[in-house]
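An overview of the molecular structure
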Amino acid sequence: MDLNLTPQERAFRDEVRAWLFANVPANWERDHLEDTMHQRFAFLKEWQRKVYEAGWAGVAWPKEYGGRGATLMEQVIFTEEMARAAAPQLANVLGLSLVGPTIIAFGTEEQKKRYLPKILSAEEIWCQGFSEPNAGSDLANVRTEARIEGDAFVINGQKVWNSYGWAADWCALLTRTDPQSQKHKGLTYILVDMHSPGVEVRPLLQMTGETEFAEIFFRDVRVPIANALGPIGDGWNVAIGTLMHERATLGASVQVTYRRQLDRLLELAHTVERDGRPAAEDPLMRQKLAQCHAELEIMRLNQMRSITKINQSGVPGAEGSVQKIFWSEYNQRFQQVAMEMLGAAGQLTKGAPGAIDDGLWAYSFLRARGNTIEAGTSEIQRNIVGHFVLGLPKSY
Ligand SMILES: Cc1cc2nc3c(=O)[nH]c(=O)nc-3n(C[C@H](O)[C@H](O)[C@H](O)COP(=O)(O)OP(=O)(O)OC[C@H]3O[C@@H](n4cnc5c(N)ncnc54)[C@H](O)[C@@H]3O)c2cc1C
């Protein structure tokens, strides 16, 4: 691994930097602080459209499907520059990080042309329909049924914890097409139009006060057989592809937010007082803030290691689980440090008089609890690392 940028990469970085400098809306965070979740999402969609039109969405995706056709390293540079410029994140998080790469790997030419450009432009928002009430860590227990009738699947069942379910136009759905099958066999990965008759989305209220995710019910939903991604009955393989990307790439995208939050906390350290003096002068707080900076750097460098591995082998590997454990547990540690530093005012939620950054910190602390569950729990990731990285016997 060479951490020095090549002349071509440096030129790329300078071009991204100049574009972001000219285009990131000034004061966007302050201007959108009081937005509802839906208003903020509309703003992020608009921002992604702008990024797409300028040719920066899907930096490493093939040109023929709307991407830039650049290298994974250039994708990493783009992400880092987004963080540096404190740019808004792109709206279509799951489309960009999970569904798109899975369609690139398993889709037909027709599917790639149909779906990929609209993921990049945020014209079609995606959600991921994997988990069910009885299938989470044990994902192979999926029961949502897709019966084949003529040239269509007829889907019945329930999914749960679907992030962006409320905003989604499409769902990457893991179903069971062979009712006699057990576990990993007889599953099919289907691309489902969320506007189809028989799809019902019910918001789930989280402890943050938001309804960021939903449960989705499917009642006799008819979906063309042509919407299967990969072979019928081989959905487990395709789903694993999605999960590998989830672990490998989410780490890169959360870094943008984490860096911005740490920078903001460092700013606040000069004004927020602890024991009668700025927190920045408190020896214990300084230790903790420096530790957060060091961990974020470790995360960044580890991400590069993952990228190098993907560059060499073409697919993300189990080391993505190392990264998943690290980013999720880092964020919980960081939010704890923020709460300690900000004191009682940090706990005030959106709209409360005196809330710091209009409740951002209380929200982030509560939201971080889900980090070690989403995209596979820490226990499951450690099982994967134990088996596939350390060569320990299987845990079941
Ligand atoms: C914020 C958030 C967003 C999410 N977004 C989505 C989404 O968009 N789409 C989607 O499909 N799902 C989503 N999920 C669901 C997520 O993937 C599951 O919650 C997760 O996989 C765990 O499954 P479960 O909730 O059924 O818990 P369970 O699998 O029931 O686990 C319960 C506990 O048992 C432990 N455990 C289970 N099996 C083992 C084992 N073999 N060894 C050791 N410990 C074990 C787990 O670690 C956990 O602590 C989201 C979850 C969260 C919190």
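The structure contained in this document is the topic of the report that follows. Here the residue numbers are simple positions, counted from 1 along each chain's written sequence. Note on the predicted model: pLDDT of at least 70 is required for a residue's local features to be given, and 80 or more for side-chain atom pairs to be given and counted; whole-chain, interface and lining totals, by contrast, use all residues. To get the side-chain values, all heavy atoms of the structure are used, and hydrogens and water are removed first.

Focus on the overall build of the protein chain
Rules: To qualify as a helix, a DSSP run of H or I must reach at least 4 residues; to qualify as a strand, a run of E must reach at least 2; elements of each kind are numbered from the N terminus. Just to be clear, the radius of gyration here is over C-alpha atoms, and the globule rule we use is 2.2 Å times residues to the power 0.38. Here's how the labels work: a residue is buried when its accessible area is under 20% of the maximum for its type, exposed when over 50%, partly exposed in between, all with a 1.4 Å probe on protein chains only. We call two residues in contact whenever any of their non-hydrogen atoms come within 4.5 Å of each other. A 1.4 Å probe and the Shrake-Rupley method give the accessible areas. Residues count as covered only by the protein chains that appear here. None of His or the chain ends enter the tally, which takes Lys and Arg as positive and Asp and Glu as negative. Where a charge lies is defined by one atom per residue type: Lys uses NZ, Arg uses CZ, Asp uses CG and Glu uses CD.
For the protein chain, the count of helices and strands is eleven helices and nine strands. Taken against the 2.2 N^0.38 rule, which gives 21 Å for 396 residues, the C-alpha radius of gyration of the protein chain at 21 Å falls within 12% of a compact globule. Reported as C-alpha extents along the three principal axes, the dimensions of the protein chain are approximately 75 × 45 × 45 Å. Taken across its 396 residues, the protein chain has 51% of its residues classed as buried. Pairs at least 24 apart in sequence give 71% of the contacts found in the protein chain among residues at least 6 apart. Counting only carbon and sulfur atoms, one obtains 54% of the accessible surface of the protein chain, whose full area is about 18,500 Å². Across the protein chain, 42 positive and 48 negative side-chain charges occur, with their mean positions spaced 3 Å apart.

A few points about the site of the ligand
The condition that has to hold: Nearness here has a simple test: a residue counts as near a molecule or strand if at least one of its heavy atoms is within 4 Å of that partner. By the criterion applied in these results, polar contacts are pairs of N or O atoms within 3.5 Å in which, for protein atoms, one can donate a hydrogen and the other can accept it, and in which residues neighboring in sequence qualify only through two side-chain atoms. Each domain span listed reflects an automatic or database assignment of domains.
Neighbouring the ligand are 17 residues, the closest being Ser131, Ser137, Trp161, Thr377 and Glu379. One of the backbone nitrogen or oxygen atoms of tryptophan 161 is found 2.9 Å away from a nitrogen atom of the ligand. Protein contacts shield 66% of the accessible area of the ligand, which totals 980 Å² for the unbound molecule. Every element with two or more residues in the shell around the ligand is listed here: strand E3 (152–163) and helix H11 (378–389). When residues are assigned to domains, the shell around the ligand turns out to be shared by domain 2 (126–233) and domain 3 (238–389), each giving three or more.

Brief notes about unusual backbone geometry
One non-glycine residue, lysine 183, lies in positive phi territory at about 50°. Looking at the secondary structure, you find lysine 183 in the loop between strand E4 (170–176) and strand E5 (187–193). The backbone of aspartate 358 shows a phi angle near 45°, a positive value even though the residue is not glycine. With respect to the helices and strands, the residue aspartate 358 is situated in the loop between helix H9 (319–342) and helix H10 (360–368). Of the residues examined, aspartate 358 reaches a relative accessible area of 18% and is grouped as buried.

Considering the nonpolar core
The cut-off we apply is this: Nonpolar cores were defined as sets of buried Ala, Val, Leu, Ile, Met, Phe, Trp, Tyr and Cys residues, with membership established by side-chain atoms within 4.5 Å.
Among the nonpolar cores identified, the biggest contains 86 residues, and Trp47, Met341 and Trp361 are the most heavily contacted of them. A total of twelve residues in this core trace back to one element, the largest contributor, which is helix H7 (residues 235–269). Residues in contact with tryptophan 361, not counting those within four places in the same chain, are Gln261, Arg264, Leu265, Leu268, Phe334, Gln335, Ala338, Met339, Leu342, Gly346 and Ile356.

As for the pattern of salt bridges
Where we set the bar: The term salt bridge refers to a side-chain nitrogen of Lys or Arg lying within 4 Å of a carboxyl oxygen of Asp or Glu.
For the coordinates displayed, the defined rule picks out 28 salt bridges. Here lysine 183 makes a salt bridge to aspartate 138, at a shortest N to O gap of 3.0 Å. With lysine 183 in the loop between E4 and E5 and aspartate 138 in the loop between strand E1 (126–129) and strand E2 (145–149), the pair connects residues that are 45 residues apart, well separated along the chain. The exposure class of lysine 183 is partly exposed, given its relative accessible area of 35%.

Describing the environment of leucine 94
In this structure, leucine 94 sits in helix H5 (residues 93–106). Sequence separation between leucine 94 and arginine 274 is 180 residues; the distance between their C-alpha atoms is 40 Å. Setting aside residues up to four positions removed in sequence, leucine 94 forms contacts with Val99, Trp126, Cys127, Gln128, Ser163 and Tyr164.

In short, the description is geometric, and any link to function would need to be established separately.
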